[in-house]
Amino acid sequence: MATWIFYILGAVAVVATAMAVTRRNPVHSVIYLVNSFFALAMIFYLLGAPLVAAWEVIIYAGAIMVLFLFIIMMLELSPGEEADRQGPGALQWLPVLLLGAALLTCTLLLLQLDPAAGQAVPNWYASPRDFGYVLFHEYALAVEIVSFQLLFAAVGAFYVGRAASREKQPGGQQ
Amino acid sequence: MSALELQSLLPQIILALGATTVLMLGAWYPSRKWILGGVVIALFAALSAGLMTPAVPEVGNLYSTGSYARFFVVLWSLLGALSLLLSLRYAEIHDLPGSEYCALILFAICGMSLLSAATSLIGLFLGLEAFTLVFYILIAFKREDSRGAEAGLKYLVMGAVATGFLAFGISLIYAASGSFHLPEAFAGLEQAGGMRPLGLAGWALMLVAIGFKVSLAPFHLWTPDVYQGAPAPVTGLLATGSKGAVFASLVPLFAALGPLKADLEQVLWLLAALSLLAGTFAALPQRNLKRMLAYSSVVHMGYLMIGLLVGGSEAHRALLFYLISYAFATLAAFGVLTSFSRVDDEPQEYADFRGLGYLHPRRSSLLAACLLSLAGIPPLVGFFAKFGIIAAALKGGYPGLAVIAVLAALTSLYYYLAPIVVLFMQQRDARQLRRGCRHEYFVLALCFSAILLLGVYPAPLLDLLTGILP
């Protein structure tokens, strides 16, 4: 059963990603990408990593995609073809509906079969506690290095961003 | 993570904490003097790496603290300190904020030191990303320079793609072997069947990423634009430290490879040969010193690749010697460019250098010496470095590569002599003086004595390299 769900989810992820890459309308791409992330999240769950699955949904499908939408909004990318302005046709919403339906079915099936709810948790199952233990014991140094990198990434973003705004209004701030 | 482990990683910790301290204090006391503070921090890290005996051989299964790793901490810290010294006047005339600049360079050195100490694929990835991330910013550091912004964007986009390749490659190798740690990560990939194809695919992806980071031939297209757009001292560090650190980490990686190397041999051969040829042909028509140095660095990476391909302690020693000689000569060349730069311009085109040899004979001759060393003219160090690599190729059974390397070295004379001709033999029409400062002269003198002394008397460095090789 789990194998079947895995293959369905894999197909959904591949199709959704392919659609995301090929769409001309950036917002459509984002929607397909969200579908793909949901499929990936469930694959992670099947593989016994519930925490990663939750992150996939919260961080990628939630936060990052909202960020994408913001950027698309701020760049004011035009919808492009005339057809887009008249609202989506069946060809545009049907694939995403099918993918979404497949995802929903898989979710319901997963609920029935839940690997974590059973009494004997298999030893490949990485509970959030195990995950945190490994992350902050074995890879504590790695976490520290990544946090340093993020600090300097923030410094760089701030520096470069400030430079751009100064360039736009010469003599404005100085 | 025990206290002993932290203590063993002291040099890198000094660099990272020093960078954040400078960054924080710079918010209250903005000054360009912080760059000098950065020099002190880098030297301090070099001292602690050179003098301290680490308590544990490996920290957190990620980074080694062996003599090989510490040697490179010293080397990158010194290079970083030198490029910070070079940046003092440059930062002043281009109005760069001292503390941010200094903090970024220090963290870049920290990343390089981590990378060359990596004993696990995770450590390798983190170290590599640490300084690549910083370079994205440093390349675009000049505010008003649209070419710098373009270079930064190019490096960012291509670098991000390369990072994706690296992460995917590492994950495939992990899937095949079940370990990130170095000798084990390649175990089990030797015998046919099972996960071997997956591991080889992972290696292919990793080679793409590595090829991008050190600009090997099919992946070198970003190099000239980035070199041209980046501030000269940053280019100096990018050309020496960032590429050198990748090679320094590849030596133990390939030593751990074992029999798997036979599978990669043809690909590596092709990469080396393509880099030598493509770099040479692209460098020939250049009339811009930075672009010429960029293409010639592709050729140098081809030489280093030969050392990696041949393998064995002798070839690896030749590789490291080449790396050091290349680093000092390249840093000095960009140092001369830095010291020639003025508020409004940074000389790059050959036309800018016309007759400068008469106005500034000392620095021009120094630039000529660096170029001759890069070309491999005795008694400068470049000759012995090239000789070592070619001899290793012949001994290791790669006569074809040795022939290509000799031809590339001969052809390189043309493009290395072209700027020298412009400097000294063309009509003098540079009138305005290009004054440097004494920090710059100090760095240039140091680099020059290094390429001369190592060329005349390379034995101590070679002995040292023999001692530290894993």
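In case you missed it, the structure is sitting above this.
Re the overall build of chain B
Moving on, step 1. Looking only at helices and strands, one finds 20 helices and two strands in chain B.
Moving on, step 2. Per-residue burial for chain B yields a buried fraction of 63% across its 470 residues.
Moving on, step 3. Excluding contacts between residues fewer than 6 apart, the proportion of contacts in chain B whose partners are at least 24 apart in sequence is 81%.
Moving on, step 4. Total accessible area on chain B is roughly 16600 Å²; 68% of this is exposed by carbon and sulfur atoms.
Moving on, step 5. Taken together, the 27 basic and 23 acidic charged side chains of chain B have centroids lying 9 Å from each other.

What about the overall build of chain A?
Moving on, step 1. Scanning chain A from N- to C-terminus turns up seven helices and zero strands.
Moving on, step 2. Along the chain direction, N to C, the helices and strands of chain A fall in the order α-α-α-α-α-α-α.
Moving on, step 3. Here chain A holds 174 residues, and the buried ones make up 28% of them.
Moving on, step 4. For chain A, the proportion of contacts with a sequence separation of at least 24, taken over those separated by at least 6, is 70%.
Moving on, step 5. Split by element, the accessible area of chain A, about 11300 Å² in all, is 71% carbon and sulfur.

Some remarks on the state of the cysteines
Residue and element names in this part refer to chain B.
Moving on, step 1. By the definition in use, this model includes zero disulfides over all chains.
Moving on, step 2. We note that Cys437 lacks a disulfide partner, and the nearest cysteine sulfur, in Cys447, lies 14 Å from it.
Moving on, step 3. Accessibility expressed as a relative area gives 16% for Cys437, which makes it buried.

Re the packing of aromatic side chains
Moving on, step 1. According to the stated counting rule, one finds 23 aromatic pairs over all chains in the structure shown.
Moving on, step 2. Between Phe6 of chain A and Tyr7 of chain A the ring centres are 5.4 Å apart and the planes differ by 70 degrees, which places this aromatic pair in the edge-to-face class.
Moving on, step 3. Residue Phe6 of chain A is classed as partly exposed on the basis of its relative accessible area, which comes to 35%.
Moving on, step 4. Ring plane angle 70 degrees and centroid distance 5.7 Å describe the contact between Trp203 of chain B and Phe254 of chain B, whose orientation is recorded as edge-to-face. A residue pair is termed long-range when its members are at least 10 positions apart, and Trp203 of chain B in helix 9 (residues 196–214) and Phe254 of chain B in helix 11 (residues 232–255) qualify at 51 residues.
Moving on, step 5. Of the residues examined, Trp203 of chain B reaches a relative accessible area of 0% and is grouped as buried.
Moving on, step 6. One aromatic cluster is present, built from ring pairs that chain together Tyr68, Phe71, Phe72 and Trp76 of chain B.

Remarks on the interface of chain A and chain B
Moving on, step 1. Facing 20 residues of chain A, the contacting portion of chain B comprises 28 residues.
Moving on, step 2. Counting each side, the surface lost to burial between chain A and chain B is near 2100 Å², with a carbon and sulfur contribution of 76%.
Moving on, step 3. Area buried by chain A at its contact with chain B is led by Leu141, Phe152 and Tyr159 of chain A, which between them contribute 34% of it.
Moving on, step 4. Our count for the contact surface shared by chain A and chain B stands at zero salt bridges.
Moving on, step 5. The tally of links between chain A and chain B comes to two residue pairs in polar contact (both at pLDDT 80 or more).
Moving on, step 6. In terms of residue class, the side of chain A that touches chain B is made up of 14 nonpolar, two polar and four charged.

Let's talk about helix 12 (residues 261–283) of chain B
Residue and element names in this part refer to chain B.
Moving on, step 1. In a regular helix each residue adds 1.5 Å, so 23 residues correspond to 33 Å; helix 12 covers 31 Å between its end C-alpha atoms and thus fits that length.
Moving on, step 2. Where helix 12 bends most, the angle comes to about 30 degrees, and this point is Val267.
Moving on, step 3. The set of residues buried in helix 12 consists of Lys261, Leu264, Leu268, Leu271, Ala272, Ala273, Ser275, Leu276, Gly279, Thr280, Ala282 and Ala283.
Moving on, step 4. Looking at the packing, one finds that the buried side of helix 12 touches helix 9, helix 11, helix 13 (289–310) and helix 18 (399–425).

Structural notes on the side chain of Ser120 of chain B
Residue and element names in this part refer to chain B.
Moving on, step 1. Relative to the helices and strands, Ser120 is located in the loop between helix 5 (98–116) and helix 6 (121–139).
Moving on, step 2. Only 3.1 Å separates the side chain of Ser120 from the backbone nitrogen of Ile122, close enough to count as a polar contact.
Moving on, step 3. In contact with Ser120, other than residues within four places in its own chain, are Asn61, Leu62, Phe180, His181 and Leu182.

Describing the nonpolar core
All names here are of chain B.
Moving on, step 1. Counting 188 residues, the largest nonpolar core has Tyr63, Trp76, Phe135, Phe186, Trp203, Met206 and Phe247 as the members making the most contacts within it.
Moving on, step 2. Ranked by the residues each element gives to this core, the list is headed by helix 14 (residues 312–340), at 19 residues.
Moving on, step 3. Among all residues touching Trp76, those that are not within four sequence positions of it are Ile109, Met112, Ser113, Ser116, Thr240, Gly241, Gly244, Ala245, Ala248 and Leu323.

Focus: the pattern of salt bridges
Residue and element names in this part refer to chain B.
Moving on, step 1. Applying the stated criterion across every chain yields a total of eleven salt bridges over all chains.
Moving on, step 2. For Arg89, the salt bridge is made with Glu440, and the minimal N-O distance between the two is 3.1 Å. In this pair, Arg89 sits in helix 4 (residues 67–93) while Glu440 sits in helix 19 (residues 438–456), placing the two residues 351 residues apart along the sequence.
Moving on, step 3. Notably, a salt bridge pairs Asp225 with Arg291, separated by 3.0 Å at the nearest N-O pair. Of this pair, Asp225 sits in helix 10 (residues 222–229) while Arg291 is found in helix 13, placing the two residues 66 residues apart along the sequence.
Moving on, step 4. Assessed through its relative accessible area of 22%, Asp225 is described here as partly exposed.
Moving on, step 5. Bridged by salt links that share partners, the residues Lys142, Asp145, Lys290 and Glu346 form one connected network.

Digging into the side chain of Ser296 of chain B
Residue and element names in this part refer to chain B.
Moving on, step 1. Mapped onto the secondary structure, Ser296 falls in helix 13.
Moving on, step 2. Judged by its relative accessible area of 1%, Ser296 falls in the buried class.
Moving on, step 3. Excluding anything up to four places from it in sequence, Ser296 contacts Ala283, Tyr415 and Tyr416.

A closer look at the packing of helix 14 of chain B against helix 20 (residues 459–468) of chain B
Residues and elements named next belong to chain B.
Moving on, step 1. One way to put it is that helix 14 packs onto helix 20 with a least axis distance of 10 Å and a crossing angle of 130 degrees. Viewed along their axes, helix 14 and helix 20 adopt a mutual orientation that is oblique. Here the hand of the crossing between helix 14 and helix 20 comes out right-handed. Contacts between helix 14 and helix 20 involve Arg317, Leu320, Phe321 and Ile324 on the former and, on the latter, Leu461, Leu462, Leu465 and Thr466.

Calculation rules
Residues numbered from 1 in each chain as written. Chains lettered and ligands numbered in written order. Predicted model: local features only at pLDDT ≥ 70, side-chain atom pairs only at ≥ 80, totals over all residues. Heavy atoms only, no water. Helix = DSSP H or I, 4+ residues; strand = E, 2+ residues; numbered from the N terminus. Buried < 20%, exposed > 50% of the residue type's maximum accessible area, 1.4 Å probe, protein only. Contact = heavy atoms within 4.5 Å. Areas by Shrake-Rupley, 256 points an atom, 1.4 Å probe, with all protein chains shown as cover. Lys, Arg positive; Asp, Glu negative; His and termini not counted. Charge placed at Lys NZ, Arg CZ, Asp CG, Glu CD. Disulfide = S-S within 2.5 Å. Phe/Tyr/Trp six-rings, centres within 6.5 Å; stacked < 30°, edge-to-face > 60°. Buried area = accessible area lost by both parts, 1.4 Å probe. Salt bridge = Lys/Arg side-chain N within 4 Å of Asp/Glu carboxyl O. Polar contact = N/O pair within 3.5 Å; in protein donor to acceptor, adjacent residues only side chain to side chain. Nonpolar A, V, L, I, M, F, W, Y, C, P; charged D, E, K, R; others polar. Expected span 1.5 Å × (residues − 1). Bend = angle between axes of the 7 residues up to and from the residue. Core = buried A, V, L, I, M, F, W, Y, C linked by side-chain atoms within 4.5 Å. Axes fitted to C-alpha atoms, helices over the stretch in contact; angles between N-to-C directions. Parallel < 35°, antiparallel > 145°, perpendicular 65-115°, else oblique. Left-handed = near helix turned anticlockwise from the far one by under 90°.

This is a description of form; function is not addressed.
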